[in-house]
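# Fold and contact review
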Amino acid sequence: MTVKTFVILAGCIALVACGRGSEETAKPASNPTAAEPDTHKEDANIVEVDEGMLRDLRITTRPVESRVGGDLVMLLGELAVDQRAYAEVGTPAAARVTRLLVNDGDAVRSGQPLVELTSPELGRERAEYLSASARLKLAEAALERKRGLAEEKIVPLREVQEAESAAGEARAALRASRAAIAAFGVEPPTDNGEGATSSAFVLRSPVTGSVIERTAVVGQMLDPAVPTFRIGNLSTLWLTVHAFERDAVRIQQGVGARLSFPALPGQDFGGTVTTVGRHVERESRTVPVRIDVKNNGNLLRPGMSATATLPVGTTGAPILTIPVASVQRVRNEWCVFLPKDANHFEIRRIGRGRDLGGEVEVLSGLRGGENIVVDGAFLLKAQAEKGEGAHDEH
């Protein structure tokens, strides 16, 4: 074998070895590429959100509800106290505050003292009562004496009649003085002791509830025309909404209402229609509708604005409803998000039905009672689309 032949043979052997090495190296590289589409297919309907981002999303959930079908109307209104358990307490006459016994927000019972006051008028009325009582005693004694003398023909009947008139006037003056003292919530004096003409008295709560507002401070001179305390039982509140004529005539007393409050986003409350007004307000052409609301957890306050969703007209078969904010367009389909665990959410396709004033009818894809995302659904949609974009780049 010549040197030239040996060199050619060695080159051929090297080329064959390189071809086998490249082939073996290429085979493992193809396996991950083939498995990747299957993994993406499994995760296509799941959105994963890391814990840091989850805190910023402020996600709230609520169950899918089943209710009787029919038309709905959304009405705006404002909460107020239940007038059946509400009182405005004020002084019957000008009086000065000497001691406060309750503060704003305190729970009080019926008959509990609220504030100690002094009023010169009360002192005068007590003194007048003592004088009227003394005059009555004198008038009655004079009447008895005149009657005795008249029986003996010593005095004429005219003097007896005058004595009876004087006694009657004294009784009337005593009754008037007693009523004036009773207006202060105190009893009239029984003797001429040191406290007989006292000007001190207390205001008491006429109802059981909470102190909604207190305007008095120590040393202040109170005006009888201005309430010193507003007290009410806040366990039940009244929501008054205003319905247009065409809707008011179809609202039935006793139906349930769904309530939402801007101050409490993501929380739903229930109420019952108790009164549908019997007159139309001329300026707005609306009818007032009163809804009783149970204040569970004492979250609600008089004066809060609210939106009430009420059924109107005849009702039909049960339907499933969810809030409009929970429905998102994902991959050109109507979808909702269902929490699976702490940071995973399922994308569920649904059949969307009618818009029902803040709610959407669900025709398919959900069952009553399933939990869905309401606040934060739009951001989950953005996260899902972001994840799909990342997969497409790969």
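Below is a summary of the structure that appears in this document.

### Quick word on the overall build of the protein
- A count of helices and strands for the protein gives 6 helices and 24 strands.
- Classification of the 394 residues of the protein by burial places 36% in the buried group.
- In the protein, the proportion of contacts linking residues at least 24 apart, taken out of those at least 6 apart, comes to 73%.
- Accessible area for the protein stands at about 23100 Å²; split by element, carbon and sulfur atoms hold 53% of it.

### Topic: the packing of aromatic side chains
- Applying the stated criterion to the full structure yields 2 aromatic pairs.
- When the ring of phenylalanine 184 is compared with that of phenylalanine 201, the centres are 5.1 Å apart and the planes differ by 80 degrees; the resulting orientation is edge-to-face. Here phenylalanine 201 lies in strand β9 (residues 200-204) and phenylalanine 184 lies in the loop between α4 (157-182) and β9, a separation of 17 residues in the sequence. Each member of the pair phenylalanine 184 and phenylalanine 201 is classed as buried.
- Seen in terms of ring centroids, phenylalanine 261 and phenylalanine 269 are 5.3 Å apart; in terms of plane orientation they differ by 85 degrees. Their pairing is edge-to-face. As far as burial versus exposure is concerned, phenylalanine 261 and phenylalanine 269 are alike and both buried.
- The ring centre of tryptophan 238 lies 3.8 Å from the NZ or CZ of arginine 290, which sits over that ring.
- Above the face of the tryptophan 334 ring, arginine 329 is positioned so that its terminal group lies 4.8 Å from the ring centre.

### Some remarks on the environment of serine 110
- The topology assignment puts serine 110 in the loop between β7 (107-108) and β8 (113-118).
- Sequence separation of serine 110 and arginine 204 is 94 residues, and the distance between their C-alpha atoms is 7.7 Å.
- Apart from residues lying up to four places away in sequence, serine 110 is in contact with Ser205, Pro206, Val207 and Thr208.
- In terms of polar contacts, serine 110 uses its side chain to reach the backbone carbonyl oxygen of proline 206, at 3.4 Å.

### Some points on the sheet that holds strand β5 (residues 86-89)
- Pairing is antiparallel in the open sheet, where 4 strands are placed in the order β5-β12-β10-β7. Each of the sheet's edge strands pairs with one partner strand only, and the pair in question is β5 and β7.
- For β7 and strand β10 (residues 209-214), the ladder comprises 2 bridges, and the chain directions are antiparallel. The residue of β10 that forms the bridge with valine 108 is glycine 209.

### What to know about the side chain of glutamate 361
- Residue placement: glutamate 361 occurs in strand β23 (residues 359-364).
- Aside from chain neighbours lying at most four places away, what touches glutamate 361 is Ile319, Leu320, Gly351, Arg352, Gly353, Arg354 and Leu356.

### Let's talk about the pairing of β5
- Only one face of β5 is covered, namely the one carrying Ala87 and Val89; the face carrying Tyr86 and Glu88 has none of its residues buried.
- Summarising the sheet, β5 and strand β12 (residues 229-232) pair through 4 bridges and their orientation is antiparallel. Bridge assignment links valine 89 to a residue of β12, and that residue is phenylalanine 229.

Thresholds applied
- Residues numbered from 1 in each chain as written.
- Predicted model: local features only at pLDDT ≥ 70, side-chain atom pairs only at ≥ 80, totals over all residues.
- Heavy atoms only, no water.
- Helix = DSSP H or I, 4+ residues; strand = E, 2+ residues; numbered from the N terminus.
- Buried < 20%, exposed > 50% of the residue type's maximum accessible area, 1.4 Å probe, protein only.
- Contact = heavy atoms within 4.5 Å.
- Areas by Shrake-Rupley, 256 points an atom, 1.4 Å probe, with all protein chains shown as cover.
- Phe/Tyr/Trp six-rings, centres within 6.5 Å; stacked < 30°, edge-to-face > 60°.
- Lys NZ or Arg CZ within 6 Å of the ring centre and 35° of its normal.
- Polar contact = N/O pair within 3.5 Å; in protein donor to acceptor, adjacent residues only side chain to side chain.
- Pairing = 2+ DSSP bridges.

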